[in-house]
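Here is how the chains run, residue by residue.
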Amino acid sequence: DLVAAAVDRAIATLDWPEKSEDWRSYLEEMADAIWDMYLRTPGLAPVMRLPDVTSASGLRAYATAVSELVACGCEELDAMVIVDSVFDMTTDCVATLDQIAQGSDHQTAVAEVFESLRHQAGEDPELHRILAKTSEFMMREPRRWWEEKLRLLLDGASLQHSGRG
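Residues numbered from 1 in each chain as written. Predicted model: local features only at pLDDT ≥ 70, side-chain atom pairs only at ≥ 80, totals over all residues. Heavy atoms only, no water.

Asker: Explain helix α2 (residues 23-40) to me, using residue names and the numbers behind them.
Answerer: Residues spaced three or four apart along an α-helix point in a common direction, a consequence of the helix completing one turn every 3.6 residues. Its 18 residues give α2 an end-to-end C-alpha distance of 26 Å, which sits within 8% of 26 Å, the value for a rise of 1.5 Å per residue. Burial in α2 covers these residues: W23, R24, Y26, L27, M30, A31, A33, I34, W35, M37 and Y38. (Helix = DSSP H or I, 4+ residues; strand = E, 2+ residues; numbered from the N terminus. Expected span 1.5 Å × (residues − 1). Buried < 20%, exposed > 50% of the residue type's maximum accessible area, 1.4 Å probe, protein only.)

Asker: Help me get a handle on the side chain of R24, residues and values and all.
Answerer: On the secondary structure map, R24 appears in helix α2. Residue class for R24 comes out buried when judged on its relative accessible area of 19%. Here R24 is in contact with R151, L154, D155 and S158, once residues within four sequence places are set aside. (Contact = heavy atoms within 4.5 Å.)

Asker: Explain helix α1 (residues 2-12) to me, using residue names and the numbers behind them.
Answerer: For α1, the full list of buried residues reads V7, A10 and I11. On an axial view of α1, the arc spanned by its buried residues comes to 95°, and they lie on one face. More than 90 degrees from the buried face of α1, the exposed residues found are L2, R9 and A12. Packing partners of the buried residues in α1 comprise α2, α3 (44-48) and α4 (56-71). (Arc of directions from axis to C-beta.)

Laid out in structure tokens, this is it:
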């Protein structure tokens, strides 16, 4: 299948992180590599969300990342979950941003989505305030929005990891 081959090629060209003794640094570098792959390959993130798209390169990369985290002292189940979570969160962020921005610039697209949400929010001033701040942040700094999500995900993994140590 042509789509699967394109996905496999994009993943095979990823700039994967070097071996590391620090699982968190490894995951941060892995997440950056995935984000950068999506920027180099517009439209790939939504395709990666399709249930029937698999990639031999992707499966090998997943297994390698899990093994690297286990070598850093992570429990295997924790390693599997966090690698999958980082990949899913990064894919979802980019796919959502791609979907929002189809046919228009990013800021205009995000503003239109949040304007629609504000109409749905009715007269709730707190909800309007939160939506406005979220919209402003996402329009101004979409990558930083993703980085904050990644930080929170990895902070949670760190707590889990330290609790088992």
